[in-house]
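# Inside the fold
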Amino acid sequence: MSSRRAAGPDKCTFAGVGKTRDEIVYALREGVYSFNVESEGELARINDVAGSLRIKAPIAIRVNPDVDAKTHKFISTGKSKNKFGIGIDRALEVYEAAATLPHIHIRGVQTHIGSQILESGPFAEAAAKLAELASVLKTRHDIEFFDFGGGIGIVYDDALASGSKDWWEQSGTARRITPEDYAAAIIPALKPLGLRILFEPGRFLVGNAGALLSTVQYVKHTPAKTFTIVDAAMNDLIRPALYEGWHEIVPLKNKGTAPLKMDIVGPVCESGDFFAQDRDIPELHPDDRIAILSSGAYGFVMSSNYNSRPMLPEILIDGSTIHLARSRQTLEDLIQGETPLPS
Ligand SMILES: Cc1ncc(COP(=O)(O)O)c(C=O)c1O
């Protein structure tokens with residue numbers, strides 16, 4: 001379950017492909033602004049649960065426009081072969097069916113074609129494909145909003161340099177997308193609709209704001225490679241293992257040292273437990289600290305206790321204020337809730 005909250009419960013939409021009855025009850029009691037409906041089964045269940053609470057559930061159907069987002073296949077969500085939403089060819093028919101359900105209030109239409117999208121073309125294509133449907137829905141069902149999802153990609157390669165305005169002016173368009181590019185791609189299709197337009201940007205807001213700090217434990221030279229073994233692991237940041245996510249890695253000191261080709265790896269017993277492979281990075285030694293950049297999105301939230309590793313603390317830096325936003329888990333935390341067999 002994921003929810004997007006703005007000013008209060010009525011500003012929150014509920015996304016997630018398989019909403020359970022309990023989640024639907026919770027969202028309705030909280031006064032959810034709208035459910036993003038992912039299937040006809042889910043629509044029927046939402047109607048049923050709302051009926052049992054004697055209320056109407058506000059909904060938008062998540063429409064799958066069958067657009068190639070040109071991103072990694074694990075984070076592409078708007079192709080017909082992806083599990084998300086209801087296909088654009090059937091969407092109107094499902095809206096007509098929704099209109100006959102007694103405990104459903106049709107409020108909008110929603111889409112989300114994927115994540116880490118660096119080209120404006122797929123956004124333009126999705127907006128154009130859905131605009132016609134949205135216009136019909138406005139006339140027939142008086143919808144009030146069009147939620148266009150998230151997906152704007154961030155800079156991973158050259159993350160540090162992209163902190164400067166000059167970088168954006170000189171980098172060329174192939175390596176990044178700006179909010180202006182995004183707006184220019186979708187406004188022509190969306191503005192004439194006269195609907196409230198909602199966005200769900202995630203990574204773009206926080207991705208570059210976070211760094212995973214780690215300490216080098218060992219440096220192992222083998223005939224094939226140099227492995228720098230650090231104390232962070234795939235359970236702390238799974239993007240490299242899950243979808244070959246690329247993160248810039250910088251030493252906190254000695255940045256000027258001559259680069260050495262190395263793998264930066266974690267201690268977990270998985271060959272997928274790496275943060276960089278065959279990368280030129282200034283030579284590192286035990287106890288040196290590194291920053292794995294752009295870890296602010298899909299970092300901590302995707303972390304786990306795999307290999308009995310307690311989760312890391314999260315530290316918020318606001319100007320000169322350092323705030324412990326979440327403390328480090330302890331080994332006791334990991335076994336809390338386990339029940340021994342009665343003897
Ligand atoms: C429905 C929905 N909206 C928005 C987002 C945020 O995507 P991004 O971080 O790429 O902006 C996601 C990410 O999984 C999502 O599933």
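Residues numbered from 1 in each chain as written. Predicted model: local features only at pLDDT ≥ 70, side-chain atom pairs only at ≥ 80, totals over all residues.

### Focus on the overall build of the chain
Helix and strand content of the chain: nine helices and 16 strands. Here the C-alpha coordinates of the chain stretch approximately 70 × 70 × 40 Å along the principal axes. For the chain, with 343 residues in total, the buried portion stands at 35%. (Helix = DSSP H or I, 4+ residues; strand = E, 2+ residues; numbered from the N terminus. Buried ≥ 20, exposed ≤ 12 C-beta atoms within 10 Å, placed from the backbone.)

### Side note on the site of the ligand
Close to the ligand lie 13 residues; Ser-115, Gly-150, Glu-200, Gly-202 and Arg-203 are nearest. Residues that form the shell around the ligand fall into these classes: five nonpolar, six polar and two charged. (Near = placed C-beta within 6 Å. Nonpolar A, V, L, I, M, F, W, Y, C, P; charged D, E, K, R; others polar.)

### Describing unusual backbone geometry
The backbone of Lys-70 sits at a positive phi, close to 55 degrees, despite the residue not being glycine. Along the polypeptide, Lys-70 turns up in the loop between strand S4 (57–64) and strand S5 (86–87). Residue Asp-142 is not a glycine yet carries a positive backbone phi of 55 degrees. On the secondary structure map, Asp-142 appears in the loop between helix H4 (121–141) and strand S7 (145–147).

### Overview of the confidence of the model for the chain
With 97% of its residues at a pLDDT of 70 or more, the chain has an overall mean of 93. Low pLDDT, under 50, characterises residues 1–7; the stretch is placed with twelve contacts to residues that sit more than four places away or in other chains. (pLDDT = per-residue confidence, 0-100. Contact = placed C-beta atoms within 7 Å.)

### Section: the domain arrangement of the chain
Annotation of the chain at the domain level lists domain 1 (2–203) and domain 2 (210–334). Relative to domain 2, the C-alpha centre of domain 1 lies at a distance of 33 Å. Each partner contributes to the interface: domain 1 provides eleven residues, whereas domain 2 provides ten residues. Classifying every residue of the side of domain 1 that touches domain 2 gives six nonpolar, two polar and three charged. (Domains from an automatic or database assignment.)

### Details of the sheet that holds strand S10 (residues 226–230)
The strand order across the open sheet formed by six strands is S11-S14-S9-S10-S12-S13, and the pairing between neighbours is mixed. Bordering the open sheet on either side are strand S11 (249–251) and strand S13 (274–282), each of which pairs with just one other strand. Put simply, the sheet's adjacent strands are angled 40 degrees from each other on average, direction ignored. Note that S11 and strand S14 (residues 289–292) share three bridges and pair antiparallel. Across the sheet, Pro-251 pairs through a bridge with Ile-290, a residue of S14. (Pairing = 2+ DSSP bridges. Axes fitted to C-alpha atoms, helices over the stretch in contact; angles between N-to-C directions.)

### What about the pairing of strand S6 (residues 104–110)?
With six of seven residues buried, S6 is to be regarded as a mostly interior element. Note that S4 and S6 share six bridges and pair parallel. Across the sheet, residue Ile-59 finds its bridge partner in S6, namely Ile-106. As paired elements, S6 and S7 share three bridges and run parallel to each other. If you follow Val-109 over to S7, its bridge partner there is Phe-146.

### Overview of helix H2 (residues 40–52)
End to end, H2 covers 19 Å across 13 residues, agreeing with the expected 18 Å (1.5 Å per residue, within 8%). For H2, every residue scored as buried is listed here: Glu-42, Leu-43, Ile-46, Asn-47, Val-49 and Ala-50. Among the residues trailing H2, Arg-54 stands out with phi positive, at a value near 55 degrees. (Expected span 1.5 Å × (residues − 1).)

### What about the nonpolar core?
Judged by nonpolar contacts, the single largest core of 47 residues is most densely connected at Phe-35, Ile-46, Ile-59, Ile-61, Val-109 and Ala-127. When neighbours within four sequence positions are excluded, Phe-35 is seen to be in contact with Phe-14, Ala-27, Ile-46, Ala-57, Pro-58 and Ile-59. Residues Ile-154, Ala-159, Ile-290 and Ile-292 belong to the second largest nonpolar core, which totals 20 residues. (Core = buried A, V, L, I, M, F, W, Y, C linked by C-beta atoms within 7 Å.)

### Looking at helix H6 (residues 179–190)
Given a rise of 1.5 Å per residue, twelve residues ought to cover 16 Å, and the 15 Å separating the end C-alpha atoms of H6 matches this to within 8%. Among the residues making up H6, those that are buried are Tyr-182, Ala-185, Ile-186 and Ala-189. Seen along its axis, H6 keeps its buried residues to an arc of 75 degrees; they face one direction. Opposite the buried face of H6, at more than 90 degrees from it, the exposed residues are Pro-179, Glu-180, Ala-183 and Pro-188. Considering only its buried residues, H6 is in contact with H4. (Arc of directions from axis to C-beta.)

### Topic: the packing of helix H1 (residues 21–29) against H2
Two elements in contact, H1 and H2, have axes whose closest approach is 10 Å; the angle formed by their N-to-C orientations is 55 degrees. One way to sum up the angle between H1 and H2 is to call them oblique. Taken as a pair, H1 and H2 cross one another with a handedness that is right-handed. Contacts between H1 and H2 involve Arg-21, Ile-24, Val-25 and Leu-28 from the former and Arg-45, Ile-46, Val-49 and Ala-50 from the latter. (Parallel < 35°, antiparallel > 145°, perpendicular 65-115°, else oblique. Left-handed = near helix turned anticlockwise from the far one by under 90°.)

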